Amino acid sequence: MAKQQKSLGQIFTAGIIKENPVLRLVLGTCPTLAVTTMAMNGLGMGAAATVVLVGSNLVISLLRKVIPDKIHIPAYITIIAGFVTLIQMFVKAYAPALDASLGIYLPLIVVNCIILGRAESFASKNGPLASVLDGLGMGIGFTITLILMGGIRELIGNGTIFGLVVNSGSVIPPMLIFILPPGGFFVFGMLVALANKIAVKKGKEPAKLGCGGCPMHDSCSKAAEGGCE
């Protein structure tokens, strides 16, 4: 029986909840935990990654039949690095404070598992429009996650949201642990649990181990070969 193809709408929305790159696929957790001490940092990192995702997916999709199989990974990284360099130069010029806050994690978008993963598993096998929608959906899902994490940690840890004072500390003192690594892991775990609760329909049997239970099953090249070893 032939596998049912996803519609363009399903491709776009998959990355927001069902295949959220951070909360469901557990990719890109290093920058997620590192930069989300403030909501603005999450917004900046998410926006930068989204632009790189959309641009690299488009170019890789257009060149997918030209790039030789033996050098496809170096080619993908070169394309991604080009977009990251442009974004980094733009941020340095127009948002130096954000550039200082993101630090090394902005140029490290080049090796972000989400970017390379979508290039390898989706853009290299699908047309330009579908690849752009996939990158946009994944980028939006990534950005929403970073803003949520940054907002929660900033509110509880500093009493502010996007730098605006919400809790002055007169009623509930800020809990500084939430802007430290332990607080990041706690908020991350809570959001993963929430995303799983939303993504898995009520009454549905738990996902089985193997390819059938993997959120990336529909776009993974290994699935057609019988699964990963």
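Up top you'll find the structure we're talking about.
Since the structure is predicted, the reported quantities are computational estimates derived from the model, not experimental observations.

Peer 1: Any chance you could explain the nonpolar core here in plain terms?
Peer 2: The nonpolar side chains of a soluble globular protein tend to be buried, and buried together. Formed by 30 residues in total, the largest nonpolar core has its most connected members in Leu-23, Met-45, Val-52, Leu-106, Ile-109, Phe-142 and Phe-188. The set of elements that each furnish at least two residues to this core consists of helix H2 (29-35), helix H3 (39-62), helix H4 (72-94), helix H5 (96-102), helix H6 (113-121), helix H7 (128-158) and helix H8 (181-199). Those residues within four positions of Phe-188 in sequence are excluded, and the remaining contacts are Val-22, Leu-23, Val-26, Thr-29, Leu-33 and Met-149. Core analysis: the second largest hydrophobic core is formed by seven residues, Ile-67, Ala-75, Tyr-76 and Ala-123 among them.

Peer 1: Is there a simple way to think about the state of the cysteines in this case?
Peer 2: Note: disulfide means a covalent bond formed between the sulfur atoms of two cysteine side chains. Using the criterion set out here, one finds zero disulfides in the structure. With no disulfide partner, Cys-113 has as its closest neighbouring cysteine sulfur the one in Cys-30, 9.4 Å distant.

Peer 1: What is the right way to read the packing of H7 against H8 from this model?
Peer 2: Relative placement of two packed helices is described by the angle separating their axes and the distance separating the axes. Across the interface, H7 lies against H8 with an axial gap of 10 Å and an inter-helix angle of 130°. Between H7 and H8, the crossing angle belongs to the class labelled oblique. Crossing handedness for the pair H7 and H8: right-handed. Residue-level contacts link Thr-145, Leu-148, Met-149, Ile-152 and Arg-153 of H7 to Pro-181, Gly-183, Gly-184, Val-187, Phe-188 and Leu-191 of H8. Partitioned by chemical class, the residues of the contact of H7 with H8 number seven nonpolar, three polar and one charged.

Peer 1: Would you mind going over the environment of Ala-130 with me for this structure?
Peer 2: Here Ala-130 lies in helix H7. The spatial distance from the C-alpha of Ala-130 to the C-alpha of Leu-58 is 8.9 Å, given a sequence separation of 72 residues.

Peer 1: How do you make sense of the side chain of Asp-99 when you look at a structure like this?
Peer 2: Along the chain, Asp-99 turns up in helix H5. Take Asp-99: its relative accessible area is 13%, and that puts it in the buried class.

Peer 1: Teacher, can you tell me more about the packing of aromatic side chains here?
Peer 2: Ring pairs (aromatic) are described by centroid distance and by the angle formed between their planes. Applying the stated criterion across every chain, the model contains two aromatic pairs. Ring geometry for Phe-90 and Tyr-94: centres 4.9 Å apart, planes at 40°, overall tilted. Of this pair, Phe-90 and Tyr-94 both sit in helix H4, separated by four residues, roughly a single helical turn. Comparing Phe-90 with Tyr-94 shows no difference in burial state: the two are exposed. On the basis of an interplanar angle of 80° and a centroid distance of 6.0 Å, the ring pair of Phe-178 and Phe-186 is categorised as edge-to-face. Here Phe-178 falls in the buried class, since its relative accessible area comes to 12%.

What counts and how
- Residues numbered from 1 in each chain as written.
- Predicted model: local features only at pLDDT ≥ 70, side-chain atom pairs only at ≥ 80, totals over all residues.
- Heavy atoms only, no water.
- Core = buried A, V, L, I, M, F, W, Y, C linked by side-chain atoms within 4.5 Å.
- Buried < 20%, exposed > 50% of the residue type's maximum accessible area, 1.4 Å probe, protein only.
- Helix = DSSP H or I, 4+ residues; strand = E, 2+ residues; numbered from the N terminus.
- Contact = heavy atoms within 4.5 Å.
- Disulfide = S-S within 2.5 Å.
- Axes fitted to C-alpha atoms, helices over the stretch in contact; angles between N-to-C directions.
- Parallel < 35°, antiparallel > 145°, perpendicular 65-115°, else oblique.
- Left-handed = near helix turned anticlockwise from the far one by under 90°.
- Nonpolar A, V, L, I, M, F, W, Y, C, P; charged D, E, K, R; others polar.
- Phe/Tyr/Trp six-rings, centres within 6.5 Å; stacked < 30°, edge-to-face > 60°.

By themselves, these figures tell us nothing about what the structure is for.
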